[in-house]
Amino acid sequence: MADDGAVTVYNGSITTTDAMTQNPFSIKVGLAQMLRNGAIIEVTNPDQAKIAESAGASCIVVSDLFQPGEAMRRIREGAAMIRSQGDLTASGNIVETIRSVRKVMGDIRVLTNLDEDEVFAFSKKISAPYDIVAQTKQMGRLPVAHFAAGGIVTPADAALMMQLGCDGVFIGQEVFRCSDPYKRVRAIVEAVRNYNDPHVLAEMSCGLEEDMAGLNLDSVEGTLGTY
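The name that an unreviewed UniProt entry assigns to the chain is PdxS/SNZ N-terminal domain-containing protein, with the source organism given as Rhododendron griersonianum. Of the chain, the UniProt comment under Sequence similarities (unreviewed entry) reads exactly: "Belongs to the PdxS/SNZ family."

*Asks:* So what's going on with the packing of helix 8 (residues 181–193) against helix 9 (residues 198–205)? Residues and values would help.
*Replies:* Packing of helix 8 against helix 9 leaves a shortest axis separation of 9 Å and a crossing angle of 170 degrees. It follows from the interaxial angle that helix 8 and helix 9 lie roughly antiparallel. On helix 9, the residues that touch Arg186, Ala187, Glu190 and Ala191 of helix 8 are Val200, Leu201 and Met204. When the residues that make up the contact of helix 8 with helix 9 are grouped by side-chain class, the tally is 5 nonpolar, no polar and 2 charged.

*Asks:* Describe the sheet that holds strand 4 (residues 59–61), with residues and values.
*Replies:* Within a beta sheet, neighbouring strands are joined by backbone hydrogen bonds and run either parallel or antiparallel to one another. Reading across from one edge, 4-3-7-6-5 is the order of the 5 strands in this open sheet, with parallel pairing throughout. The open sheet has two edge strands with one neighbour each: strand 4 and strand 5 (81–85). Looking at each pair of strands side by side, their axes are set apart by 25 degrees on average, direction ignored. Across 5 bridges, strand 5 lies against strand 6 (residues 145–149) in parallel orientation. Each residue of the ladder has a partner; that of methionine 81, found in strand 6, is alanine 145. Relative to the sheet, helix 8 contacts strand 3 (38–42) and strand 7 (168–171), its axis offset from that of strand 3 by approximately 145 degrees.

Here is what the cut-offs are and how they apply
- Residues numbered from 1 in each chain as written.
- Predicted model: local features only at pLDDT ≥ 70, side-chain atom pairs only at ≥ 80, totals over all residues.
- Heavy atoms only, no water.
- UniProt positions renumbered as here; feature names shortened; annotations may be inferred.
- Axes fitted to C-alpha atoms, helices over the stretch in contact; angles between N-to-C directions.
- Helix = DSSP H or I, 4+ residues; strand = E, 2+ residues; numbered from the N terminus.
- Parallel < 35°, antiparallel > 145°, perpendicular 65-115°, else oblique.
- Contact = heavy atoms within 4.5 Å.
- Nonpolar A, V, L, I, M, F, W, Y, C, P; charged D, E, K, R; others polar.
- Pairing = 2+ DSSP bridges.

And the structure:
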């Protein structure tokens, strides 16, 4: 990570140094922070892009699968956003995504409880740069935006990811495989923005019963207790 220029986030507001305009990484981080509390929708054609845009998506993207690894190493490599991903087979199975996010959050909780002299050993154990690990400990979270992806197909799924500590969610193209994709995308976007408001979540989930039916829970039976 470059040293000349920094991005600081206070309650969702971005504060930058004068050097940010000369620091490409800081610009990337600032742009990623602007996507917090939003839903990024994966699309495959212009019609899907128009639906996502009109439904309030913060960003639309066609992306390849991210390479797995420890998150703080990816930040050192230049990542301005971290995506914790689970099942990306469009099955609607969010179990693996929950496990992935909880693993990241669990590691951060362990880190924040370490003494200063234990941080170096921790960074060596996970093969991550010491300065990034120390910054994560100080902030109590990853120093870049953290999104979740995989199996997020309902407002409840999106709200859960936010409640677990994510900054936003990636929504796969399976969200368009329903009778009313606009309504479904809009419901997920509103769930991300109002993830702690049960009244909004209940309202957004109404009328989606048909579209939400399809995941065979028998295929994930027994996995919920293995986090």
